[in-house]
Every structure is written in C-alpha cells, then in structure tokens.
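# Geometric and topological summary
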Amino acid sequence: MKNRLLFIGPPGAGKGTQAQMICNSNDFCHLSTGELLRAEVASGTDVGRKAAELMSRGELVKDELVLQIVRTRLDCLSGGWLLDGFPRNVSQAASLDQLLADINQQIELVILLKLDDSALLQRLILRGRDDDTEEIIANRIEVYHQKTAPLIEFYTSQGLLEVVDADGTVNDVNSRIKSIL
Ligand code: AMP
C-alpha cells in the first residue's frame, strides 16, 4: 500500500474530508497547510497576521510563509503521511521535492480529486466557512486553475498522478480512493 501521498484538487472537491478519513484509518500523519494557517490566524501569530488578509481574499499565502509552516511539522513526515493543500503551485512542488530529498524520502502517489466548477461552487456555498462567500469562492477557483492546476502536468510527467472522480457521496469517493491505494 502507498503511504506517502499528496491530495490535490480544487477547493470544495473534498480533500480535507477524504484526507482525514484516509489518515484515520491508516494512521497516517495528516498535514493540511490550510488548517495550519487557520490555526496561526486564530492564535494571532506573526505568520497568522501575514497570512490572514490573503486568505480572506482567497489568494495564496506567500510560498515562504507556507514553507516555514511545513518545516515546523517535519516530524509528520517520519512514517506514513498525507499532504493536503500543499503544494499549491509548481514552485512549492519544487521546494517540497528538495525538502523530501534532504530527508531521503519521496512522494509515492498524487491523487487529484476532480470535480467541475459548478459542483464546487454549490458545495462551498453550503459549507459556509469564512472564506466561502460567492465572490471569494469564485476567486479561489480561479486561483486554482491558474496556479495549482499546472501541478497536474508536473506530477503526470513523473508518473505519480491518479485522478479520482470527486462527485458523489463522501463514502463513494472514499471507496474510489481506497481502491487506488
Ligand atoms: P484550504 O483549507 O486548503 O482550502 O486553504 C485555505 C486558504 O489557505 C487558501 O485559500 C490559501 O489562502 C491558504 N493556503 C492553504 N494552503 C496553501 C498553500 N500551500 N499555499 C498558499 N496558500 C495556502
């Protein structure tokens, strides 16, 4: 079974939910940069203050800050792990490769959770997080297409990418992911 994984996909595809389920049932460490950043914002740290404004607009937080946060959680990469929401652009992917090389590890599998834009919009409006207003959602989807979607080619060319249809119930999608792992 593969146990060093990345989940990529647009906002609303269910990365967080699916990552949590996979990590709980396999005892993987779940590293979500979105969750870590929200925790920094909530505790009012320096990093949180720098990230908050960009997050509230649905823009990506600066690579440097994100990497700083990931580096504080390298303990997470000692056994099985699943990175969710990171990397978010090709430059972060290159930094991740470097960071993993330094600790003699590599990604085994990248799962793309795929869902079309209209379904994403509907799901996110129902979710209702602070950054889930219609205007900010539209921006996050746009940012995904511009900055994150190039990772599909990046990981396909390395033979690492598997695409999972993210439409359907949480359990449907979970079964599809399990069958790939
Ligand atoms: P998420 O919980 O993954 O949807 O992330 C929520 C927000 O946190 C995003 O809209 C970004 O502003 C920020 N964020 C999370 N992960 C990253 C990342 N890897 N790079 C830049 N910004 C990020």
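You'll find the structure just up there.
Now for a description of the structure that goes with this document. (Residues numbered from 1 in each chain as written. Predicted model: local features only at pLDDT ≥ 70, side-chain atom pairs only at ≥ 80, totals over all residues. Heavy atoms only, no water.)

Below, the discussion takes up the site of the ligand. The immediate surroundings of the ligand are formed by 15 residues, with Thr33, Arg38, Glu59, Gly85 and Gln92 found nearest. Here Arg129 contributes a side-chain N or O atom positioned 3.4 Å from an oxygen atom of the ligand. When the ligand is considered free in solution it has 480 Å² of accessible area, and contact with the protein chains removes 96% of it. Of the residues that constitute the shell around the ligand, the class distribution is 6 nonpolar, 4 polar and 5 charged. (Near = heavy atom within 4 Å. Polar contact = N/O pair within 3.5 Å; in protein donor to acceptor, adjacent residues only side chain to side chain. Areas by Shrake-Rupley, 256 points an atom, 1.4 Å probe, with all protein chains shown as cover. Nonpolar A, V, L, I, M, F, W, Y, C, P; charged D, E, K, R; others polar.)

The contact between helix 1 (residues 15-26) and helix 9 (residues 170-180) brings their axes to 10 Å, and the two run at 55 degrees. Taken together, the axes of helix 1 and helix 9 lie oblique to each other. Of the two possible hands of crossing, helix 1 and helix 9 adopt the one that is right-handed. Between helix 1, through Thr17, Gln18, Met21 and Ile22, and helix 9, the contact on the second element is made entirely by Val170, Asn171, Val173, Asn174, Ile177 and Lys178. (Axes fitted to C-alpha atoms, helices over the stretch in contact; angles between N-to-C directions. Helix = DSSP H or I, 4+ residues; strand = E, 2+ residues; numbered from the N terminus. Parallel < 35°, antiparallel > 145°, perpendicular 65-115°, else oblique. Left-handed = near helix turned anticlockwise from the far one by under 90°. Contact = heavy atoms within 4.5 Å.)

A separate point is the state of the cysteines. Going through the model one piece at a time under the given rule, you end up with 1 disulfide. What pairs with Cys29 in a disulfide is Cys76, and their sulfur atoms sit 1.9 Å apart. Residues Cys29 and Cys76 are joined through a disulfide that is left-handed, its torsion about the S-S bond being -115 degrees. Placement of Cys29 in strand 2 (residues 29-32) and of Cys76 in the loop between helix 4 (63-71) and strand 3 (81-84) is noted, with a sequence separation of 47 residues between them. Here Cys23 stays unpaired: no disulfide links it, and the sulfur of Cys29, its closest cysteine neighbor, is 7.3 Å away. Cys23 sits in the buried class, given a relative accessible area of 4%. (Disulfide = S-S within 2.5 Å. Buried < 20%, exposed > 50% of the residue type's maximum accessible area, 1.4 Å probe, protein only.)

Coordinates in, geometry out; function isn't part of it.
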